[in-house]
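Okay, here's what each chain looks like letter by letter:
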Amino acid sequence: MTKDEKRHCCEGCWEFADPKCPDLVKCLLFRPRGVVDTMARERVDSRVNALKRVDVSTPVIYVGAGTCGLGAGAAGTLEAVQEWIRVTGTKAQVIQVGCIGLCAEEPLLDVQLPGKARLSLRHVTRDKVVGYLDSVFANEIPAKGALMQFSGEGLENWPSVPTWQEHPFFAPQERIVLKNCGLVDPESIGEYIARGGYQALATTLTNLTRTELCTQVEKSGLRGRGGGGFPTGKKWRFALDTPADQKFLVCNADEGDPGAFMDRAVIEGDPHRLLEGMAIAAYAIGASKAYVYIRAEYPLAIARLNEAIKQAHSFGLLGENILDSGFNLHIIIKQGAGAFVCGEETALIASIEGKRGMPRPRPPYPAVQGLFGKPTVINNVETLSNLPEMFTMGVEAFAAMGTATSKGSKVFALSGKVCNTGLVEVRMGTTVRKIVEEIGGGVPDNRAFKAVQIGGPSGGCIPASHLDTVIDYESLKEVGAMMGSGGLVVMDEDNCMVDVARFFMDFIQKESCGKCIPCREGTRRMLEILNAITQGRRSEKGFSALHRFQGILQLEQLAKVIQDTSLCGLGQSAPNPVLSTLRWFREEYEEHIFNRHCASRVCKELLEYTIDPDACTGCTLCARKCPTEAIMGAKKSPHYVIQERCIGCGSCLEVCRAGAVRAQ
Amino acid sequence: MIDLMVNNRRVKGEPGEMLLSTLKRAGVHVPTLCHLEGLFPSGACRMCVVEVEGVSGLVPSCAYPVREGLTVFTHSTRAVQARKTIIELLLANHPDDCLYCNRNTHCDLQKLAADYNVRSRQYFGQRTSHNIDMSSPSIVRDPDKCILCGKCVRVCEEVQGVACIDFVGRGSKTTVGTAFEQGLNVSSCVNCGQCIMVCPTGALREHSHIKDVLAALDDPEKKVVVQHAPAISVTVGEELGLKPGTDAFGVLTAALRGMGFDRVFDTGFSADLTVIEEASELVHRIRNGGRLPMITSCSPGWVKFTEEFYPEFMGNISTCKSPQQMMGAIVKSYFAQQEGTEPANIYSVSIMPCVAKKFEASRPEMGSHGTPDVDAVLTTRELVQLLAMRGVDASKLRPERADTPFGDRSTAGKLFGATGGVMEAALRTAHFILTGEEWPKSRIQSLRGMAPRKEAQVKIGGTELGVVVVSGLMEARTLLEEIRQGRDDIHFIEVMTCPGGCIAGGGQPQHSDPEILKARMQALYAIDRDGDVRTAHSNRSVQRLYDEFLGEPLSPESHRLLHTHYVKRNVVL
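Analysis parameters
Residues numbered from 1 in each chain as written. Chains lettered and ligands numbered in written order. Predicted model: local features only at pLDDT ≥ 70, side-chain atom pairs only at ≥ 80, totals over all residues. Helix = DSSP H or I, 4+ residues; strand = E, 2+ residues; numbered from the N terminus. Rg over C-alpha atoms; globule rule 2.2 N^0.38 Å. Buried ≥ 20, exposed ≤ 12 C-beta atoms within 10 Å, placed from the backbone. Contact = placed C-beta atoms within 7 Å. Domains from an automatic or database assignment. Pairing = 2+ DSSP bridges. Core = buried A, V, L, I, M, F, W, Y, C linked by C-beta atoms within 7 Å. Axes fitted to C-alpha atoms, helices over the stretch in contact; angles between N-to-C directions. Parallel < 35°, antiparallel > 145°, perpendicular 65-115°, else oblique. Nonpolar A, V, L, I, M, F, W, Y, C, P; charged D, E, K, R; others polar. pLDDT = per-residue confidence, 0-100.

Another point: the overall build of chain B. If you tally the helices and strands in chain B, you get 19 helices and 19 strands. Against the compact-globule benchmark of 25 Å for 573 residues, chain B has a radius of gyration of 25 Å, which places it among compact chains. Expressed as lengths along the three principal axes of its C-alpha atoms, the size of chain B is roughly 75 × 55 × 50 Å. Counting across all 573 residues of chain B, residues that qualify as buried make up 52%. Across chain B, every contact between residues at least 6 apart in sequence was considered, and the portion connecting residues at least 24 apart equals 74%.

Laid out in structure tokens, this is it:
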């Protein structure tokens, strides 16, 4: 830095005045830039510390108001908090943060009092706000309310409350993508920058050429987090090496797997991380225009992203000549209508182009000929959000994390029959068991674990015997599952695996774009076969039993052809849920087909209703309620069910006061 | 050249081509239901999947670029089984009424099922069911028979630039439909019928007029007159067992007469009439500062296309009716007069290589006093059906001459059947009108051939004329856009709706082998080469018509009978 560039600071650099200090961002990114006197440096540092909320001067109340939080009632919590502040006249700042990941404990409310550690409270619904806030502000921990605390240097800890790092849900996690989620105000670019945000972009733009950047990402071993696991650096290089007057970067935020919500959470909780990642990727391939393809069902994420883009523009971190590097980037948000297939690259491109979202054959690959015929790199939200932290820690450090072929971390949306549902991020190589049993806290109510479904409609189930499988693209594939986008659904003895397969097949069958025959027609027939297996014991006539037996033979044959011949990833992976359940839970299929029995009692039509003669009081209620007159019996003597007449509606079970009706 | 191994045999591929083309050249037949030559592969049907060593799944050969050292197995058990399963899946959702289908015995799906030895229904499940769309005067859509190969959608959008149909719905509910799923008649469909030409099943067919024609033939009160278009005689032979490119004019005339048509006329006659009127109009426009470039009007798909997409160009289109409609108008006026009968007693049938002609004949402008000039339009395919129904054995028939007075044509009129023909015929006559002398050369080579666009600068007398010939509406669209952008060196444009012209029209037999199209085209050129009367204005019968009835070109009587006007159409584009 030359002497001429040095300048004295004014007071207003953080006042966001227009025009703001032209050196503001650089000053923060390359501290100390332009700051000559120690007083000014201290002033900036203290401002940064204030933004990081190392300590606070006035109490801060954080409300977890991501979509998941709002679903749990955070909007009411927020209202009650504001009301409480108004009524008590307390001076406190209220901040809406994104989801920290522990959805099971929502709504979450954190309080940070001056000099004290930030205390996190759980299940703070509207009715609990007043009581909880009253006690915390009186320096008391509300009974049953405390979840954890975020201790820091010079801060007084709350007694006997676990720290964040000690909490069993968070302790085994390694948060790269979710680093800021739930901690920062997602609508404040200042907070993101204060926590080191945009430094990776700045150093990349300053120190690396495009080729070097691609090489670095190749070295990092980063692979696509959207499902396929294609090496990110390699993808970039294809696009970089294709000459064109215009190139595009597309962020795939078309998160469509049932049970997956990490992209939404990242965008809602830390949108600038995605923007920074996008800027790095766009720079690497030489794209001056980028799209975020996001489903319109994510209104909060879209709003946050819009706000973040606006802020980044005003800080010169997007737009023309970013950080004086000569690099330009404009980001456009394109809302999708929510078709699952639009997550497929070529369908997504068609959708952005205004066409029907249908895949086309590759090659040409989008990196060579993509959006509007130009070289296009499509990366998933999580992939892009890895970049800032990856460059901050260094690609070597990133490459050192994980297994031989899978580096870094992976975010999972943990749901289903597990105590701690939510968003978790673990180092690659972590066992599935650790996620389910330690982080997830295992299956609730002492029920037996049955399987964990990974990868949504493209993935498969991992049975208890393979719980020690590690999170790694290849080893998951080996057991018939798939990394997919990271949905992780835990199932217990109450889940019927045939029904699970049927559910996913129903989903795929409805979401198939209808273009290629094996996917369109094949999934439809597979669904019909699964329906025949799980439904219709009583209405079965004539040939339908034969077709059911024939069906089981056809399931595998169809699955093979659909995998082998489908046009896109959706079709090619569509049979996975069936194949994996057939592989690990074949006996459940056989029980359904041959015995017409569903042990988990999920397949209602397979249930057989009987009346326990010892328990039956002969009240005749069931017989009167039965729509098909299938229950016979004299008054005050045990009744019985005529199976041929029973349609399995279950109304006898509902009305019986003696608990005499059995469904098996 | 690229070396690859196909089924353990060395095969040469060309750089940049897809595996399917290589296989075809090497004589390895891999079936496909969705492939369209010259368009970006859609990869929808997956019938052409083959096994490639080192690739985990099967690859679609239509979309797989050849590479040095590829090892391909096209008929491994795995590939064949996959194809068979795909056929079985299609059949599971297909009506089992082949016997009643108009594509029976010449259906691609039926043939594949037979080829792959599908002998029983494999999957018993729900079948998709939709209503048949009979709303269009030209095209009938039966979505139940549709296998969603997408060829119609692509031809409509990418070749014709119309895009009146697209996929609707998702998953197994997907179907092909119009905007807002309204009838084809109120869509932007121009009735070209190229969708029918590429349809592998009976999902698309013409709106048949066979019943009406048979009824008229059986009606003793009716004088049934038939005309057939220039492209018919060089095509229909293929269906009668003759070599492609054979002119079956005489045999066809004999067959039609044998079937009971009272008069057999040649649309070539009215094509000559069109040439004279159109050339006169062109000369008139040039001399009087009329709207230029003038654009031909004989292709009804193109006319509707303009009315929908480019109404500002309606004034550029020649006001001449098409040869079909000129014949129709003359038959119901002059001919009726000659025969001493009421126009209402005449039933006028035309045989056309086109389904848009059915629409054209139904336009309210194309008739007088509520009687249409042309009562029924048969496509080449319907003609073949009719010949079969009437037991006509073409090989035993002796060629006959067409009836007077409208059976004579010049070879210029015959050229109408191929792209560039109208232009060539009109220029010959325009030259005569402008200079009083015959066109010196025997042909205008630069306007011949299958290219979608052909341009030439011709000098007639002292006038330099820029002429352009386009076929296929996408190409027409491109040209109109150029003109919109300010291109002004063109005086006369010929537009044919179908790529290649009427020899490839939407009413022709459904095989699109480019070699056959070339043979048809060459047949027309040969007729022109060997003909005695090579210009429209030297057709004696036409001259007599003017002397006895019309007066002169562009006369009031000509205008009343032979010219028309156009209407802007409000359709969803």
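On we go.
Time to look at the overall build of chain A. Counting its secondary structure elements, chain A contains 25 helices and 18 strands. For 664 residues, the compact-globule formula gives about 26 Å, and the C-alpha radius of gyration of chain A, at 28 Å, lands near that figure. Referenced to the eigenvectors of the C-alpha coordinate spread, the extents of chain A come out at roughly 100 × 65 × 40 Å. Counting the 664 residues in chain A, one finds 53% classified as buried. Here the contacts in chain A between residues at least 6 apart in sequence split such that 71% fall between residues at least 24 apart.

Segmentation of chain B into domains returns domain 1 (1–126), domain 2 (139–207) and domain 3 (211–562). Inter-centroid distance (C-alpha atoms) of domain 1 of chain B to domain 3 of chain B is 40 Å.

Our focus in this paragraph is the pairing of strand β16 (residues 376–379) of chain B. Residue and element names in this part refer to chain B. Judged by which residues are buried, β16 turns out to be covered on both faces: A376 and L378 on one side and V377 and T379 on the other are all buried. As paired elements, strand β13 (residues 346–352) and β16 share four bridges and run parallel to each other. Pairing of I351 across the sheet is with L378, part of β16.

This paragraph deals with the nonpolar core. Residue and element names in this part refer to chain A. With 351 residues, the main nonpolar core has C251, M278, A281, A290 and V452 as its most contacted residues. Residue contributions to this core peak at ten residues, all from helix α11 (residues 271–285). Among the nonpolar cores identified, the runner-up in size contains 14 residues, and C616, I631, C652 and A660 belong to it.

Residue and element names in this part refer to chain A. In the contact formed by helix α18 (residues 497–511) and helix α22 (residues 576–584), the axes pass within 8 Å of each other and the chain directions differ by 170°. Considering the angle they form, α18 stands roughly antiparallel to α22. Counted together, M497, V498, V500, A501, F504 and M505 of α18 and P577, V578 and T581 of α22 form the full contact between these two elements. Taken together, the residues that form the contact of α18 with α22 break down as eight nonpolar, one polar and no charged.

Residues at a pLDDT of 70 or more form 100% of chain B, whose mean pLDDT is 95. Two summary scores accompany this predicted model of the complex, namely pTM at 0.92 and ipTM at 0.91.

Taken together, the contacts link 30 residues of chain A with 29 residues of chain B. Listing elements by their share of the side of chain A that touches chain B, those giving two or more residues are α18, α19 (517–534) and α20 (543–565) of chain A. Broken down by element, the side of chain A that touches chain B gets its largest block of residues, eight residues, from α19(A). Partitioning the side of chain A that touches chain B into residue classes produces ten nonpolar, nine polar and eleven charged.

We now examine the sheet that holds strand β17 (residues 453–460) of chain B. All names here are of chain B. The four strands are arranged β12-β19-β18-β17 in an open sheet whose pairing can be described as mixed. One side of each edge strand has no neighbouring strand; the edge strands of this open sheet are β12 (294–295) and β17. As paired elements, β12 and strand β19 (residues 492–496) share two bridges and run parallel to each other. Each bridged residue has a counterpart across the sheet, and for M294 the counterpart in β19 is F492.

Turning next to the pairing of strand β9 (residues 376–380) of chain A. Residue and element names in this part refer to chain A. Counting buried residues in β9 gives five out of five residues, a clear majority hidden from the surface. Every second residue of β9 is oriented toward a common face, with T376, I378 and N380 on one face and V377 and N379 on the other, all of them buried. Both strand β6 (residues 248–253) and β9 contribute to a ladder of five bridges, which runs parallel. Each residue of the ladder has a partner; that of L249, found in β9, is V377.

This part is about unusual backbone geometry. Here the amide bond leading from R362(A) into P363(A) is cis, since omega sits at -5°, within 30 degrees of zero. By the secondary structure assignment, P363(A) is in the loop between α13 (345–352) and β9. Despite not being glycine, E181(B) has its phi angle at roughly 50°, a positive value. Tracing the backbone shows E181(B) in the loop between β8 (175–178) and α5 (194–198). Under the C-beta neighbour-count criterion, E181(B) is labelled partly exposed, with 13 such atoms within 10 Å.

The next thing to look at is the confidence of the model for chain A. All names here are of chain A. The pLDDT averaged across chain A works out to 91; a share of 93% of its residues lies at or above 70. Across chain A, the element-wise mean pLDDT spans from 69 in helix α1 (residues 24–29) up to 98 in α11. Scored below 50 in pLDDT, residues 1–6 shows four contacts in the model against residues more than four places distant or in partner chains.

Right, let's get into the packing of α11(A) against helix α14 (residues 381–393) of chain A. Residue and element names in this part refer to chain A. In the contact formed by α11 and α14, the axes pass within 7 Å of each other and the chain directions differ by 85°. Considering their axes alone, α11 and α14 lie roughly perpendicular with respect to each other. Counted together, R273, L274, E276, G277, M278, I280 and A281 of α11 and V381, L384, S385, N386, L387 and P388 of α14 form the full contact between these two elements. Counted by class, the contact of α11 with α14 contains eight nonpolar, three polar and two charged residues.

This part takes up the sheet that holds β9(A). Residues and elements named next belong to chain A. Pairing is parallel in the open sheet, where four strands are placed in the order β8-β7-β6-β9. A single partner strand is all that each edge strand has here, and the edge strands are β8 (330–336) and β9. Strand after strand, the sheet turns through a mean of 20° between neighbouring axes, direction not considered. Across the sheet, α14 touches β6 and β9, and the angle it forms with β9 is around 90°.

Residue and element names in this part refer to chain B. For S333, the location among the structural elements is in helix α11 (residues 323–339). By C-beta crowding, S333 is classed as partly exposed, having 18 other C-beta atoms within 10 Å. For the pair formed by S333 and D272, sequence separation is 61 residues and the distance between their alpha carbons is 18 Å.

Residues and elements named next belong to chain B. Relative to the elements of secondary structure, P353 occurs in the loop between β13 and α12 (356–362). Residue class for P353 comes out buried when judged on the 30 C-beta atoms lying within 10 Å of it. Along the backbone, P353 and S442 are 89 residues apart, and their C-alpha atoms lie at a distance of 27 Å. Apart from residues no more than four positions distant in its own chain, P353 is found in contact with A229, A231, I232, T235, T380, C502, I503, G505, G507 and Q508.

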